Amino acid sequence: MKTMTCRQLGGPCDQPHHGESADDVIKAQDRHLKDVVASGDTAHEQALKEMKGRWKNPLKGMGWYKTAKSDFAALPDD
Ligand SMILES: [Zn+2]
């Protein structure tokens, strides 16, 4: 298991996400952004917008995704 924070994934807070793969933590971040924005948080709105844009435009999002994956690979195991 490795840990990446909301901030490491482009968000504004230090909420940690744990996962076996980069995809796990990216999905956790996606959920986290939706959850906090749904509960009225405005600090995460921009990050949520960017995340949605990546799913809509996979080609443009690919650079971010690759960076997140290599960042994750470089992390030590928990
Ligand atoms: Zn956050």
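Residues numbered from 1 in each chain as written. Predicted model: local features only at pLDDT ≥ 70, side-chain atom pairs only at ≥ 80, totals over all residues. Heavy atoms only, no water.

1. A short note on the packing of helix H2 (residues 45–56) against helix H3 (residues 58–74)
The description of two packed helices rests on the angle between their axes and on the distance between the axes.
Right, so step 1: Two elements in contact, H2 and H3, have axes separated by 6 Å at closest approach and are oriented at 120 degrees. By the criterion of interaxial angle, the relationship of H2 to H3 is oblique. Helix-helix and strand crossings are classified by hand; for H2 and H3 the assignment is left-handed. When H2 is examined against H3, the residues Met51, Arg54, Trp55 and Lys56 are found in contact with a partner set consisting of Pro58, Gly61 and Trp64.
Right, so step 2: Class assignment of the residues belonging to the contact of H2 with H3 gives a composition of four nonpolar, one polar and two charged. (Axes fitted to C-alpha atoms, helices over the stretch in contact; angles between N-to-C directions. Helix = DSSP H or I, 4+ residues; strand = E, 2+ residues; numbered from the N terminus. Parallel < 35°, antiparallel > 145°, perpendicular 65-115°, else oblique. Left-handed = near helix turned anticlockwise from the far one by under 90°. Contact = heavy atoms within 4.5 Å. Nonpolar A, V, L, I, M, F, W, Y, C, P; charged D, E, K, R; others polar.)

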